[in-house]
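# Observations on the model geometry
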Amino acid sequence: MPTMKVLIIGEINQTGINLLKTRANITVEITGAHDEHDLVKLVHDVDGILVRSALITSSIIEAAPSLKVVSRHGVGFNSVDVQALSLRGIPLTIAVGGNAVSVAEHTLYLILALAKQGKRYDTAARHGDFNFRNTPISHEIGTSRLLVIGFGRIGTQVARRASAFGMAIHVYDPYVPDNVINDHGAQIVQNLNDALPQMDIVSVHCPLNEETKHLIGSRELGLMKPNALLINTARGGIVDENALHDALRHGQIAGAGIDVFVIEPTNPSLNLLKLDNVVVSPHCAGVTVESSARTAEIAAQNVLNGLDSKLDESFVVNPEVLQQ
């Protein structure tokens, strides 16, 4: 069998590296480079790329004449020029299911941190202020109506866990058949704006694209309850950050849990970070010990399947290239 080379861009769990190295005909190179100029120099002889977060541009793709597959370590693919890959007939794969449980659990963490006012009670306890408990500010979530926007692998996992808390689940996803939503015991939302005034918690789990950019903006936030919570563990840009800041500052909604931002890493001067009714995390919802190993293994297996021309379409962003 001919020798092939796989370039891993970014740090991944050793599980994925070990899987690639089980193949005697594959050599593995790992780089921490993220700059396009540096990566162009590194891909001239690679057959496969496994990438964590670096941008894979058309220039990088053009500089890799032997490239047969690009595998994303994760499920988002905004950082990869899919069109450039498709023009070359190269599949882009994603690590479907690798972090669904982790993101779902993190979503519930953000909901609870906001509803239970975790930061404020923690501060009170550390300062010995046990009188703080005499004026309750936390809320139960068991009677809440939760709207899940996007009902893929993560959205369904969120619904299962929220149901265990007793929440009433509502789902808005025009691309998911009604019977799938009904099978999860959730109510179907046909019109987002009609549903928003009824919801106590809104959680975003859809991809970022032209259709979903600023899906939650000033109009949508204005429709929400003053005591409502907004959670975004999907992608920055689905929620209009400036509109969210204004809504939180003026009491249009009660709080927000944010794991993803338009610009990452965040600038400390970002207006949202100055608000007390916001709980944030550094795009880590899908990054746990368990999910890191699982995602690395799936991403590595996608590389192997791509090199063997045995890819499962459900892992491929541009499945039309498989027919070429």
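Conventions adopted
Residues numbered from 1 in each chain as written. Predicted model: local features only at pLDDT ≥ 70, side-chain atom pairs only at ≥ 80, totals over all residues. Heavy atoms only, no water. Phe/Tyr/Trp six-rings, centres within 6.5 Å; stacked < 30°, edge-to-face > 60°. Helix = DSSP H or I, 4+ residues; strand = E, 2+ residues; numbered from the N terminus. Core = buried A, V, L, I, M, F, W, Y, C linked by side-chain atoms within 4.5 Å. Buried < 20%, exposed > 50% of the residue type's maximum accessible area, 1.4 Å probe, protein only. Axes fitted to C-alpha atoms, helices over the stretch in contact; angles between N-to-C directions. Parallel < 35°, antiparallel > 145°, perpendicular 65-115°, else oblique. Left-handed = near helix turned anticlockwise from the far one by under 90°. Contact = heavy atoms within 4.5 Å. Salt bridge = Lys/Arg side-chain N within 4 Å of Asp/Glu carboxyl O.

Scanning all chains against the criterion turns up one aromatic pair. Seen in terms of ring centroids, tyrosine 121 and phenylalanine 132 are 5.3 Å apart; in terms of plane orientation they differ by 85 degrees. Their pairing is edge-to-face. You can see tyrosine 121 sitting in helix H6 (residues 118-126) and its partner phenylalanine 132 sitting in the loop between H6 and strand E6 (145-149), a full eleven residues away along the chain.

Note that soluble globular proteins tend to have their nonpolar side chains buried in a common cluster. Judged by nonpolar contacts, the single largest core of 32 residues is most densely connected at Leu147, Ile149, Leu221, Leu230 and Leu244. Those elements giving two or more residues to this core turn out to be E6, helix H9 (192-195), strand E9 (201-204), helix H11 (241-249) and strand E11 (255-258). Counting residues per element, this core draws most heavily on H11, which supplies four residues. Ala113, Phe151, Met167 and Ala285 belong to the second-largest nonpolar core, a separate cluster that totals 28 residues.

A packed helix pair is summarised by two numbers, namely the angle formed by the two axes and the spacing between the axes. Relative orientation of the contacting elements helix H5 (residues 100-115) and helix H7 (residues 153-164) amounts to 50 degrees, with a least axis distance of 8 Å. One finds that H5 runs oblique with respect to H7. Two packed elements cross with a definite hand, and for H5 against H7 that hand is right-handed. Listed contacts from H7 to Ala100, Val101, Val103, Ala104, Glu105, Thr107 and Leu108 of H5 are Arg153, Ile154, Gln157, Val158, Arg161 and Ala162.

Turning our eyes to something else, we now look at the pattern of salt bridges. Oppositely charged side chains are able to pair whenever their charged atoms sit close together. Taken as a whole and judged by the stated rule, the model has six salt bridges. Between lysine 68 and aspartate 47 there is a salt bridge, with the nearest N and O atoms lying 2.5 Å from each other. Here lysine 68, found in the loop between helix H3 (58-62) and strand E4 (69-72), pairs with aspartate 47, found in the loop between helix H2 (36-42) and strand E3 (48-51); they are 21 residues apart in sequence, far enough to count as distant. A relative accessible area of 36% places lysine 68 in the partly exposed class. Residue classification places aspartate 47 among the buried residues on the basis of a relative accessible area of 8%. Here lysine 225 and aspartate 200 are joined by a salt bridge, their closest N and O atoms 3.0 Å apart. Remark: aspartate 200 occurs in the loop between H9 and E9 and lysine 225 occurs in the loop between helix H10 (218-223) and strand E10 (229-232); sequence separation between them is 25 residues. With a relative accessible area of 25%, lysine 225 lands in the partly exposed category. The structure contains a network of salt bridges with shared partners spanning Lys5, Glu29 and Asp45.

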